[in-house]
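What the coordinates show
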Amino acid sequence: MRIFYILVLTYLLVSCLSLKQNNIEISNHIADLKRIISKPIFNKSSKTIIHEIELCKVGFSSQWSSTVSKRKGFHSVKTTVVIDFINNYENSLFISAHYETGDGITIQIWGDLIEINLFEEVEVKKVTLIDSNSDKNITNYNTDYVSIGVSDPSNIEKISELLDVLSLISTSCKSL
C-alpha cells in the first residue's frame, strides 16, 4: 500500500511539473509573438499590440494607421479581438495583395497581409474618432479572421517567423 501512495504522488508531481513546463513554453511563444509583431514589416496598415488575457487567450489590439483610418472615413480607428488558441484557431496564412470584386466592380483593395483564420466568429470591439475633437464611438461586429499588414512581402524570413510562432502557440495550447 505504501508503494501505491508513493507511485501516485510521483505521478502527480511529474504531471504538475510537465504542465508548468508547458505553461512556460506557451508564455515564451507569446513573448516571441509580441517581439515579432512589433517589427516594422508588420506595421504597414496598423500597429498591433499583443496582450495575454489568460493562458492560450491572446488579445490583438490594432491602432490603424492614419492613412487607412482616413480612407475608411475616420480620424482614428482602434480594434481589439481576442483569439482562443485552444478552441478557435484554424490557421495563419500569408496572402498577397489582391482585389475583391463583385459584379465586375472592385469592392475592396487588400495589401499583402497575414490572415489569422478562426473556426467561429468572435466579437471585435472598434473604437473610432470622426475628428480629433469628437467623442469616441464604440461599435462591435463579428469576424472569423484577423489580418496583419505586411510591408515587405519579399521578406520571407520574417513572414515565416510570424507564421511559425502562431503555429507553435496553437500546437502548445492544444496539447494541454
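Just above sits the structure.
Described in the following lines is the structure provided in the data block. (Residues numbered from 1 in each chain as written. Predicted model: local features only at pLDDT ≥ 70, side-chain atom pairs only at ≥ 80, totals over all residues. Heavy atoms only, no water.)

Comments concerning the overall build of the chain
- Each helix and strand in the chain was counted, giving three helices and eight strands.
- Starting at the N terminus and walking to the C terminus, you meet the elements of the chain as α-β-β-α-β-β-β-β-β-β-α.
- Within the chain, the fraction of its 176 residues that count as buried is 34%.
- The long-range fraction of contacts in the chain, counting pairs at least 24 apart against all pairs at least 6 apart in sequence, stands at 59%.
- With an accessible surface of roughly 10,900 Å², the chain has 55% of that area assigned to carbon and sulfur atoms. (Helix = DSSP H or I, 4+ residues; strand = E, 2+ residues; numbered from the N terminus. Buried < 20%, exposed > 50% of the residue type's maximum accessible area, 1.4 Å probe, protein only. Contact = heavy atoms within 4.5 Å. Areas by Shrake-Rupley, 256 points an atom, 1.4 Å probe, with all protein chains shown as cover.)

Some words on unusual backbone geometry
- Phi angles above zero are rare outside glycine, and Cys56 is one such case at about 75 degrees.
- With respect to the helices and strands, Cys56 occurs in the loop between strand E1 (46-54) and strand E2 (57-64).

A short note on the pattern of salt bridges
- Taken as a whole and assessed by the stated rule, the structure comprises three salt bridges.
- Two residues, Asp32 and Arg35, come together in a salt bridge whose shortest N-O distance is 3.9 Å. One end of the pair is Asp32 and the other is Arg35, both in helix H1 (residues 2-37) and three residues apart, which spans about a single turn.
- On the basis of relative accessibility, which here comes to 38%, the residue Arg35 falls in the partly exposed class. (Salt bridge = Lys/Arg side-chain N within 4 Å of Asp/Glu carboxyl O.)

Looking at the nonpolar core
- By size, the foremost hydrophobic cluster in this structure holds 29 residues, and its most contacted members are Phe42, Phe60 and Leu162.
- For this core, the secondary-structure elements that each account for two or more residues are H1, E2, strand E3 (76-84), strand E7 (113-129), strand E8 (137-149) and helix H3 (156-174).
- Looking at this core element by element, the count peaks at six residues for H3. (Core = buried A, V, L, I, M, F, W, Y, C linked by side-chain atoms within 4.5 Å.)

Re the side chain of Thr128
- For Thr128, the position within the fold is in strand E7.
- You can call Thr128 buried: its relative accessible area is 3%.
- Residues within four places of Thr128 in sequence aside, it is in contact with Phe74, Ser76, Val77, Asp135, Lys136 and Asn137.

Things to note about H3
- Over its 19 residues, H3 extends 27 Å from the first C-alpha to the last, a length consistent with the 27 Å expected when each residue adds 1.5 Å.
- What H3 keeps buried is the set Ile159, Leu162, Val165, Leu166, Ile169, Ser170, Ser172 and Cys173. (Expected span 1.5 Å × (residues − 1).)

Remarks on the environment of Leu93
- One can find Leu93 in strand E4 (residues 91-95).
- Taking C-alpha positions, Leu93 is 7.1 Å from Leu163, a pair spaced 70 residues apart along the chain.

Observations concerning the pairing of E7
- Within E7, 12 of the 17 residues are buried, which leaves it mostly tucked inside the rest of the structure.
- Summarising the sheet, E3 and E7 pair through six bridges and their orientation is antiparallel. Across the sheet, the residue bridging to Val81 is Val124, located in E7.
- Pairing analysis gives five bridges linking E4 to E7, with the strands arranged antiparallel. Each residue of the ladder has a partner; that of Phe94, found in E7, is Ile114.
- Pairing of E7 with E8, which is carried by 12 bridges, proceeds in the antiparallel orientation. Its bridge partner lying in E8, Val122 is registered against Thr143. (Pairing = 2+ DSSP bridges.)

Note that every value here comes from positions in space, so none of it alone points to a role or purpose.
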